[in-house]
Amino acid sequence: MKKQRGNRTNDPGKKRDPISADSRLNEIEHLLAANARVQMDAARQANSELDRDALNDDLKNNPDAERILFRAMIDQVPDYLFVKDTKSRFVIANRAVAADVGRTPDELIGLTDFDLHETQHARKFYADEQNIILTGKPLIDLEDCIHDPEGQEKWFATSKVPLRDSQNRVIGLVGVCRDITDRKRAERQMHHMALHDSLTGLPNRTLFMDRIAQGMLHSDRTGHQVSVIFIDLDNFKTVNDSHGHSAGDSLLKVVADRMVAAVRASDTVARLGGDEFVILLVDHDNATEADLNRIRQAIAEPVLINGQSFRVTGSLGLAEYPGDGADAETLLLNADIAMYQAKANGRDNFQYYNRDIDAAASERRRLCDHLPGALANNEFSLLYQPQVDLDTGRVFAVETLLRWNQPELGNIPPDKFIPLAEESGLIVPLGNWVLRQACRQNKAWQDAGLSPITVSVNVSARQLCEKGWADEVTAILHDTGLEARYLELEVTESMLMRDVDQAIAVMRQLQHLGVNFAIDDFGTGYSSLSALKSLPVARLKIDRSFITNLTDDPDDQNIARAIISLGQKLHMRVIAEGVETPEQLAFLRENQCDEVQGYYFSKPVRTDDIAGLLRSGSVPLPEFGPAPGR
């Protein structure tokens, strides 16, 4: 240990009076006379194997023997032991005290804490000790923090009691200190863990709610708004399911750091759990679109983990104090409601809270409450929409469409409950139920002597990335008896692009069995041609958004022509969905689209209606003149 630089007096404004050697020794002897014999009695009793006669003879023949034995005893104690006089000067100190300040025990005699510690600490020690001496009241287990000569923080639990002579006069004090630095560090770590997320190190919900409350008080004084941004990572569960929790954890830490970097130091980024984060913006007039877009773009940047690139997006909801909530819980709830509205609007966007979305949020909560039990309660059913060959008019396939009839809420549109099932993970058992029912029904049509057709089933990203899902499909085909070539799985373009390698691996495993694949909603995602040509896909499905205004919108016409041409060059068949008018049908036929599906031929119908179509063999196709524009 290094010695402290310089000496300080016990009164910063005065010099310490010199102490003569004789007066110092007299005071030492006076104090030792009061307590050394007590210590010796304890030492004699503790050393049962000691030759007591020899000890007594030694003490009689050597006046310094008691002091030597006392010194040896206290130096073995790991705690800090010391005796001070009425002026708070050290009279006795064991080796632990001396070593801590870089001195020998003898060098401490006559010094005060002003000679050893910073002035602010020395003043406190001196005030406490003078109070003990004046009042005679002990000070027990007081926790003190000091800095050692190397600047390191150290904590002590200190007890100081008055030292009295034979006439009960206070002649000094005895102190015992125990180093509790490790304990305080552990307590500090536990406190940090209680208020912070263990994975990212960000504040947790408890600390964040306190920060909101403090921000509101500050807002009341300054008039500045407080904004709460609720963030949910889109499709994060897919990363966890397909690549394991280690990859997911690494992704969360990177995204957390990026969000912190995207806001000011005075703002707070917290993790509530899972893939949910919240941000508190303070001392600003209002959160701008630029603020929200900066956060959203920071989340969406690709993340490289173990040589593999991952990309997630974020749905953001914003609520502001005081307009959107008068307390922390309400403000956070309304930001959460706005976030779910962002998800409902297609994800990877932000929404401001307003009263109008409360109704939508209430509906969402009701659906979330009923959805988990819907499958067990047989509330789901399937409809089928025929797909027609444009050359022959033959119904060669049907698409399976899921419907939910909730006894209390009525018929729930798929675009309302499918996203909820995706988020909750229920899409996996629900999707497998749809697959099993569709395969069973197709086999039933074949057993009834009807012409074999393909049944097309939509697959979610969660299913495709589910471990062992290919084996699940194989088991369903085996259980239902349907040949794999009569099953087609539809996957969306955007879903494939999340993890092309994982998708290809699963698709090829199932293609080896004979299962066919189609890319649904083609043209709405961002697939690259290099990825597209490597996928084991037999059909491209033009999204209905390009068909609705096909006869009036030149852009939609050009996109449709490009997709048809691309499919032909890649040796894929092309089907257009959402065909409702003869004009749309004429355009598609003129541009050599292979297949169509839509209300022009049939709305989604039940199994008996499909059986009737199959018995008829085909649907009538109108005679067309020249295509529009020619």
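Residues numbered from 1 in each chain as written. Predicted model: local features only at pLDDT ≥ 70, side-chain atom pairs only at ≥ 80, totals over all residues. Heavy atoms only, no water.

What about the overall build of the protein?
Part 1 of the argument: When its secondary structure is counted, the protein shows 22 helices and 21 strands.
Part 2 of the argument: Sorting the 630 residues of the protein into buried and exposed places 48% on the buried side.
Part 3 of the argument: In the protein, 63% of the contacts between residues at least 6 apart in sequence involve partners at least 24 apart.
Part 4 of the argument: As displayed, the protein has an accessible area near 31,200 Å², and 48% of this comes from carbon and sulfur atoms. (Helix = DSSP H or I, 4+ residues; strand = E, 2+ residues; numbered from the N terminus. Buried < 20%, exposed > 50% of the residue type's maximum accessible area, 1.4 Å probe, protein only. Contact = heavy atoms within 4.5 Å. Areas by Shrake-Rupley, 256 points an atom, 1.4 Å probe, with all protein chains shown as cover.)

Things to note about the sheet that holds strand S12 (residues 350–352)
Part 1 of the argument: Pairing is mixed in the open sheet, where 5 strands are placed in the order S7-S8-S6-S11-S12. Taken across any chain shown, the strands that pair with only one partner, and hence form the sheet edges, are strand S7 (268–273) and S12. Along the sheet, successive strands turn relative to each other by an average axial angle of 20°, direction set aside.
Part 2 of the argument: With 3 bridges joining them, strand S11 (residues 313–321) and S12 adopt parallel strand pairing. Note on S12: the bridge partner recorded for leucine 316 is phenylalanine 350. (Pairing = 2+ DSSP bridges. Axes fitted to C-alpha atoms, helices over the stretch in contact; angles between N-to-C directions.)

Description of the sheet that holds strand S1 (residues 80–84)
Part 1 of the argument: Spatially, 5 strands are ordered S2-S1-S5-S4-S3 in an open sheet, and the strand pairing comes out antiparallel. The open sheet has two edge strands, strand S2 (90–93) and strand S3 (139–147), and neither has a second partner. Averaged over all adjacent pairs, the angle separating strand axes in this sheet is 25°, with direction ignored.
Part 2 of the argument: Here S1 pairs with S2 via 3 bridges, running antiparallel. Bridge pairing in S2 places valine 83 opposite isoleucine 92.
Part 3 of the argument: Most of the contacts of helix H6 (residues 119–135) go to S3, to which it runs at about 165°, and overall it touches S1, S3, strand S4 (153–164) and strand S5 (170–179).
Part 4 of the argument: Sheet contacts for helix H7 (residues 181–195): S3, S4 and S5; angle to S4, the most-contacted strand, approximately 130°.

Topic: the nonpolar core
Part 1 of the argument: Residues Leu435, Trp445, Trp469, Leu487, Leu489, Leu510 and Leu588 are the most contacted members of the largest nonpolar core, which totals 76 residues.
Part 2 of the argument: No other element matches helix H14 (residues 427–447), which puts 8 residues into this core.
Part 3 of the argument: Those residues within four positions of tryptophan 445 in sequence are excluded, and the remaining contacts are Tyr384, Val398, Leu450, Ile453, Thr607, Ile610, Ala611 and Leu614.
Part 4 of the argument: By size, the runner-up hydrophobic cluster in this structure holds 28 residues, among which are Leu233, Leu281, Ile299 and Leu318. (Core = buried A, V, L, I, M, F, W, Y, C linked by side-chain atoms within 4.5 Å.)

Examining the side chain of glutamine 387
Part 1 of the argument: Position of glutamine 387 relative to the elements: it lies in strand S13 (residues 380–389).
Part 2 of the argument: Leaving out residues up to four positions away in the same chain, glutamine 387 has contacts with Arg394, Val395, Phe396, Ala397, Val398, Glu399, Glu490, Arg539, Lys541, Ile575, Val596 and Gln597.

Digging into unusual backbone geometry
Part 1 of the argument: Between tyrosine 321 and the following residue, proline 322, the backbone shows a cis peptide bond with an omega angle of 15°.
Part 2 of the argument: Along the chain, proline 322 turns up in the loop between S11 and helix H11 (328–344).
Part 3 of the argument: Even without glycine at this site, asparagine 306 takes up a positive phi of about 50°.
Part 4 of the argument: Within the secondary structure, asparagine 306 is located in the loop between strand S9 (303–305) and strand S10 (308–310).
Part 5 of the argument: For glutamine 592, which is not glycine, the phi dihedral falls at a positive 65°.
Part 6 of the argument: On the basis of relative accessibility, which here comes to 53%, the residue glutamine 592 falls in the exposed class.

Observations concerning H14
At 3.6 residues per turn, the α-helix brings residues three or four places apart onto the same side.
Part 1 of the argument: The first and last C-alpha atoms of H14 sit 30 Å apart over 21 residues, in line with the 30 Å expected at 1.5 Å per residue.
Part 2 of the argument: Where H14 ends, the next residue or the one after it, glycine 449, has phi of about 90°, a positive value. (Expected span 1.5 Å × (residues − 1).)

A look at the confidence of the model for the protein
Part 1 of the argument: Overall, the prediction assigns the protein a mean pLDDT of 83, with 85% of residues at 70 or greater.
Part 2 of the argument: Here residues 34–52 scores under 50 on pLDDT; set against residues more than four positions off or in separate chains, the count is 18 contacts.
Part 3 of the argument: Confidence drops under pLDDT 50 across residues 625–630; counting only partners more than four residues distant or on other chains, this segment forms 2 contacts. (pLDDT = per-residue confidence, 0-100.)

Observations regarding the environment of leucine 195
Part 1 of the argument: If you trace the backbone, leucine 195 turns up in helix H7.
Part 2 of the argument: A residue is classified by how much of its surface remains accessible, and leucine 195, at 19% relative accessible area, is buried.
Part 3 of the argument: In the structure, leucine 195 is positioned 13 residues away from phenylalanine 208 in sequence and 8.5 Å away in space, judged by C-alpha atoms.
Part 4 of the argument: Look past the residues within four positions of leucine 195 in its chain and what remains in contact with it is Leu202, Pro203, Asn204, Thr206 and Leu207.

A few points about the packing of helix H8 (residues 205–222) against H11
Part 1 of the argument: At a minimum axis distance of 9 Å, the contact between H8 and H11 shows a crossing angle of 110°. Between H8 and H11, the angle falls in the class roughly perpendicular. Across the interface between the two elements, Arg205, Phe208, Met209, Ile212 and Met216 from H8 touch Ala328, Glu329, Leu331 and Leu332 from H11. (Parallel < 35°, antiparallel > 145°, perpendicular 65-115°, else oblique.)

Here's the deal with the pattern of salt bridges
Part 1 of the argument: Taken as a whole, this structure holds 35 salt bridges when the rule is applied.
Part 2 of the argument: Note that lysine 154 and aspartate 179 form a salt bridge whose closest N and O atoms lie 3.6 Å from each other. In this pair, lysine 154 is assigned in strand S4 and aspartate 179 in strand S5, connecting sequence segments 25 residues apart.
Part 3 of the argument: For lysine 154, a relative accessible area of 14% gives the class buried.
Part 4 of the argument: Aspartate 179 sits in the partly exposed class, given a relative accessible area of 35%. (Salt bridge = Lys/Arg side-chain N within 4 Å of Asp/Glu carboxyl O.)

A few points about the pairing of S4
Part 1 of the argument: Most of S4 is tucked away, with 9 of its 12 residues classed as buried.
Part 2 of the argument: Judged from the 9 bridges that link them, S4 and S5 form a sheet pairing that is antiparallel. Among the inter-strand pairings, alanine 157 is bridged to a residue of S5, identified as arginine 178.
Part 3 of the argument: The turn linking S4 back onto S5 is made up of 5 residues, and asparagine 168 within it adopts a positive phi angle of 65°.

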